[in-house]
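Analysis of the macromolecular model
Take a look at the letters that make up each chain.
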Amino acid sequence: MLDTPDTTLPPGALFADRYRIVKLIARGGMGAVFEAVQVDVEQRVALKVMLPHVATNPKLRAYFEREARVSARIESDHVVQVYAAGVEPTSGEAWMAMEFLDGESLE
């Protein structure tokens, strides 16, 4: 499931001119989450990128953008911190960079 054609960011790729992809962590219905490094500050982040086939749906794109805005406002030790969000200018992919939490799956 993790190596579908919608997952287009290989390790080493530079995304949005500032995130170096380390590896794919997970893929869901709306997006894929990658471990990445923000190159200018060498900070490890979780980078959530909206899948291309979903990004063409205006309602789902608005939902993704709202998720980024709302999540960034929450200040809690129990909610992952959102650092930045945007749209990659070349591909048009919506994304958000979040705090990377190293741990185990709850599955």
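Residues numbered from 1 in each chain as written. Predicted model: local features only at pLDDT ≥ 70, side-chain atom pairs only at ≥ 80, totals over all residues. Heavy atoms only, no water.

This part covers the packing of aromatic side chains. Per the counting criterion, the structure on display carries one aromatic pair. Here the aromatic rings of Y19 and W95 are separated by 5.3 Å at their centres, their planes lie at 65 degrees, and the arrangement is edge-to-face. Of this pair, Y19 sits in strand β2 (residues 19-27) while W95 sits in strand β6 (residues 94-99); the two residues are 76 residues apart in sequence, bridging distant segments of the chain. Given a relative accessible area of 0%, Y19 falls into the buried group. On the basis of relative accessibility, which here comes to 4%, the residue W95 falls in the buried class. (Phe/Tyr/Trp six-rings, centres within 6.5 Å; stacked < 30°, edge-to-face > 60°. Helix = DSSP H or I, 4+ residues; strand = E, 2+ residues; numbered from the N terminus. Buried < 20%, exposed > 50% of the residue type's maximum accessible area, 1.4 Å probe, protein only.)

Turning to the sheet that holds strand β1 (residues 14-15), a few remarks are in order. Spatial strand order, β1-β2-β3-β4-β6-β5: six strands in an open sheet with antiparallel pairing. The open sheet has two free edges, formed respectively by β1 and β5 (82-87), since each of these has just one partner strand. As paired elements, β1 and β2 share two bridges and run antiparallel to each other. Across the sheet, residue L14 finds its bridge partner in β2, namely R20. (Pairing = 2+ DSSP bridges.)

Below, the discussion takes up the confidence of the model for the protein. Low-pLDDT portions of the prediction should not be read for the details of their coordinates. Per-residue confidence for the protein gives a mean pLDDT of 88, with 93% of residues at or over 70. Within the protein, strand β4 (residues 43-50) carries the highest mean pLDDT (96), whereas helix α1 (residues 52-55) carries the lowest (81). With pLDDT under 50 throughout, residues 1-5 is counted as low confidence; its partners more than four residues away or in other chains account for seven contacts. (pLDDT = per-residue confidence, 0-100. Contact = heavy atoms within 4.5 Å.)

This paragraph deals with the pattern of salt bridges. What the rule picks out here adds up to four salt bridges. Taking the shortest distance from any N to any O, the salt bridge between D102 and R44 comes out at 3.8 Å. A residue pair is termed long-range when its members are at least 10 positions apart, and D102 in the segment after β6 and R44 in strand β4 qualify at 58 residues. In this structure R44 comes out as partly exposed when scored by relative accessible area, which is 38%. Note that K48 and E67 form a salt bridge whose closest N and O atoms lie 3.0 Å from each other. Residue K48 is located in strand β4, and its partner E67 is located in helix α2 (residues 58-73); the two are separated by 19 residues in the primary sequence. For K48, a relative accessible area of 17% corresponds to the buried category. (Salt bridge = Lys/Arg side-chain N within 4 Å of Asp/Glu carboxyl O.)

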